[in-house]
Amino acid sequence: MFAELVVWAGVEAAPAARRLGYARAAVSLWSRRRRCAAAWAVHEEKTRSFALSVAATAPRRDTLWLLGGGTLADLPLADLSPLFRRIIVFDIALLGMARRKARRFGNVELRAADVTGMVAPLTEWRPGLPLPIPSAEALRDLDPVPPDCVLSLNLLSQLPLQPALWLQKQGVSRTSADGFGRAVLRAHLAGLTALGCPAGLVTDRTRLWRNRAGELVLRENAVLDVPLPEAGQAWSWPLAPRGEIDPELSLDIDVIAARLPAG
């Protein structure tokens, strides 16, 4: 608990992001990874390898965008840094240890940013008003210099979670909150393609809950049934061994990696 308080104190996030719970979620991610580091190692290595393979295809090597920083454990910064003049890592909440790690590379910048463009509008929204409309343009607005390559890593399925929880706390139905979440997911996918450069996506596809005997008891679509690009690679990520989330169930994630066509 003390370690989590120390990490919490070092989180950088905008007030609107804190209201929606992103700072708390960032600390929770750090804490779970610390407990499950061995189980997550293969997933993180596969993510790093895929990210590097996509980045290597960029015809220009000026600016690389990495969407979703987290603990930076799944970002191959040491390999990517020599390839690009400038690398920007965008995340809604930045951990202190991630900022310290990024400082080892003179051309890597961590930037606290909302890649959906929806966080501040949601905190200003009031029941009875139309919900804000997610837009693919949110990615273009992240920086005035367009990227030569963009990577969305272990981020997509997370984008609707905090907004949906927030909306339901404001009295919005689960159905409407999920509809808003689907719009967020579609906008992100469209935005990646619209940037017009090599783009890579690593995302959860399916959540698989298993009992003590290893039997599948529940299968959930991780992206609210929004169609995903064709997978170039797929693997299993043991996100939460039994006891981590539920005393009887473990949670495995079916992950895909895909290259998106430039729009």
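Check the entry above for the structure.
Residues numbered from 1 in each chain as written. Predicted model: local features only at pLDDT ≥ 70, side-chain atom pairs only at ≥ 80, totals over all residues. Heavy atoms only, no water.

Some remarks on the overall build of the chain
Within the chain, the secondary structure is distributed over 10 helices and 8 strands. Computed over C-alpha atoms, the radius of gyration of the chain comes to 18 Å, within 12% of the 18 Å expected from 2.2 N^0.38 for 263 residues, which places it in the range of a compact globule. Element-wise, carbon and sulfur atoms account for 54% of the exposed surface of the chain, whose accessible area totals about 12200 Å². Considering the chain, the positive charge centre built from 32 side chains and the negative charge centre built from 26 side chains are found 3 Å apart. (Helix = DSSP H or I, 4+ residues; strand = E, 2+ residues; numbered from the N terminus. Rg over C-alpha atoms; globule rule 2.2 N^0.38 Å. Areas by Shrake-Rupley, 256 points an atom, 1.4 Å probe, with all protein chains shown as cover. Lys, Arg positive; Asp, Glu negative; His and termini not counted. Charge placed at Lys NZ, Arg CZ, Asp CG, Glu CD.)

Digging into the packing of aromatic side chains
Counted under the stated rule, the structure contains 2 aromatic pairs. Centre to centre, the rings of Trp40 and Trp237 are 5.2 Å apart; their planes meet at 85°, and the pair counts as edge-to-face. Within this pair, whereas Trp40 is found in helix H4 (residues 37–55), its partner Trp237 is found in strand S7 (residues 233–240), the two being separated by 197 residues in sequence. Each member of the pair, Trp40 together with Trp237, is buried. Ring geometry for Trp65 versus Phe90: centroids 5.4 Å apart, planes at 75°, classification edge-to-face. Pair noted here: Trp65 is in strand S1 (residues 63–67) and Phe90 is in strand S2 (residues 86–91), with a separation of 25 residues, a long-range link. What makes Trp65 buried here is its relative accessible area of 1%. Positioned above the aromatic ring of Phe84, the side-chain terminus of Arg61 is 6.0 Å from the ring centre. (Phe/Tyr/Trp six-rings, centres within 6.5 Å; stacked < 30°, edge-to-face > 60°. Buried < 20%, exposed > 50% of the residue type's maximum accessible area, 1.4 Å probe, protein only. Lys NZ or Arg CZ within 6 Å of the ring centre and 35° of its normal.)

Examining the pairing of strand S5 (residues 199–210)
For a regular strand, side-chain orientation follows a simple rule: the groups alternate between the two sheet faces. A large share of S5 lies buried, amounting to 10 of its 12 residues. Of the strand pairs in this sheet, strand S4 (residues 149–153) and S5 are connected by 4 bridges, and their pairing is parallel. In the sheet register, Leu153 faces S5, and the bridge partner there is Val202. In the sheet, S5 pairs with strand S8 (residues 250–260) via 11 bridges, with the strands oriented antiparallel. In the strand pairing of S8, Leu208 is matched with Asp252. (Pairing = 2+ DSSP bridges.)

Let's talk about the packing of helix H9 (residues 161–169) against helix H10 (residues 174–194)
Where H9 meets H10, the closest approach of the two axes is 9 Å, and the angle between their N-to-C directions is 150°. With respect to their mutual orientation, H9 and H10 come out roughly antiparallel. Crossing geometry of H9 relative to H10 is assigned as right-handed. Judged by residue contacts, Pro163, Ala164, Leu167 and Gln168 of H9 engage Arg174, Ala177 and Phe180 from H10. Of the residues belonging to the contact of H9 with H10, the class tally is 5 nonpolar, 1 polar and 1 charged. (Axes fitted to C-alpha atoms, helices over the stretch in contact; angles between N-to-C directions. Parallel < 35°, antiparallel > 145°, perpendicular 65-115°, else oblique. Left-handed = near helix turned anticlockwise from the far one by under 90°. Contact = heavy atoms within 4.5 Å. Nonpolar A, V, L, I, M, F, W, Y, C, P; charged D, E, K, R; others polar.)

Topic: unusual backbone geometry
A positive phi angle is found at Asn154, which is not glycine, with a value near 55°. Take Asn154: it is sitting in the loop between S4 and H9. With a phi close to 55°, Leu224 is a non-glycine residue in the positive phi region. On the accessibility criterion, Leu224 (21% relative accessible area) is partly exposed.

So, the nonpolar core
One finds Leu66 and Leu67 to be the most contacted residues of the largest nonpolar core, which totals 80 residues. Take this core: its biggest share by element is 6 residues, from H10. Not counting residues within four places of it along the chain, the set of residues in contact with Leu66 comprises Leu75, Leu77, Leu80, Ile87, Ile88, Val89, Phe90, Leu151 and Leu153. (Core = buried A, V, L, I, M, F, W, Y, C linked by side-chain atoms within 4.5 Å.)

As for H4
For the α-helix, the turn length of 3.6 residues means that residues three or four positions removed from each other point alike. Taking 1.5 Å as the rise per residue, H4 with 19 residues should run 27 Å; its terminal C-alpha atoms sit 25 Å apart, in good agreement. Regarding H4, the residues found buried are Trp40, His43, Glu44, Thr47, Phe50, Ala51, Val54 and Ala55. (Expected span 1.5 Å × (residues − 1).)

So, the environment of Trp125
On the secondary structure map, Trp125 appears in the loop between helix H7 (119–124) and helix H8 (137–140). Owing to a relative accessible area of 9%, Trp125 belongs among the buried residues under this scheme. Excluding anything up to four places from it in sequence, Trp125 contacts Pro130, Leu131, Pro132, Leu167, Gln170 and Val172. Engagement of the side chain of Trp125 in a polar contact is seen with the backbone oxygen of Leu129, the distance being 2.8 Å. (Polar contact = N/O pair within 3.5 Å; in protein donor to acceptor, adjacent residues only side chain to side chain.)

Regarding the pattern of salt bridges
Between side chains of opposite charge, a pair can form when the charged atoms approach closely. This structure, assessed with the given rule, holds 12 salt bridges. Arg48 is the partner of Glu45 in a salt bridge, and the nearest nitrogen-oxygen pair spans 2.9 Å. With Glu45 and Arg48 both in helix H4 and 3 residues apart, this pair spans about one turn of that helix. Assessed through its relative accessible area of 42%, Glu45 is described here as partly exposed. Notably, a salt bridge pairs Asp252 with Arg210, separated by 3.3 Å at the nearest N-O pair. In this pair, Asp252 is assigned in strand S8 and Arg210 in strand S5, connecting sequence segments 42 residues apart. Given the relative accessible area of 25%, Arg210 is considered partly exposed. (Salt bridge = Lys/Arg side-chain N within 4 Å of Asp/Glu carboxyl O.)

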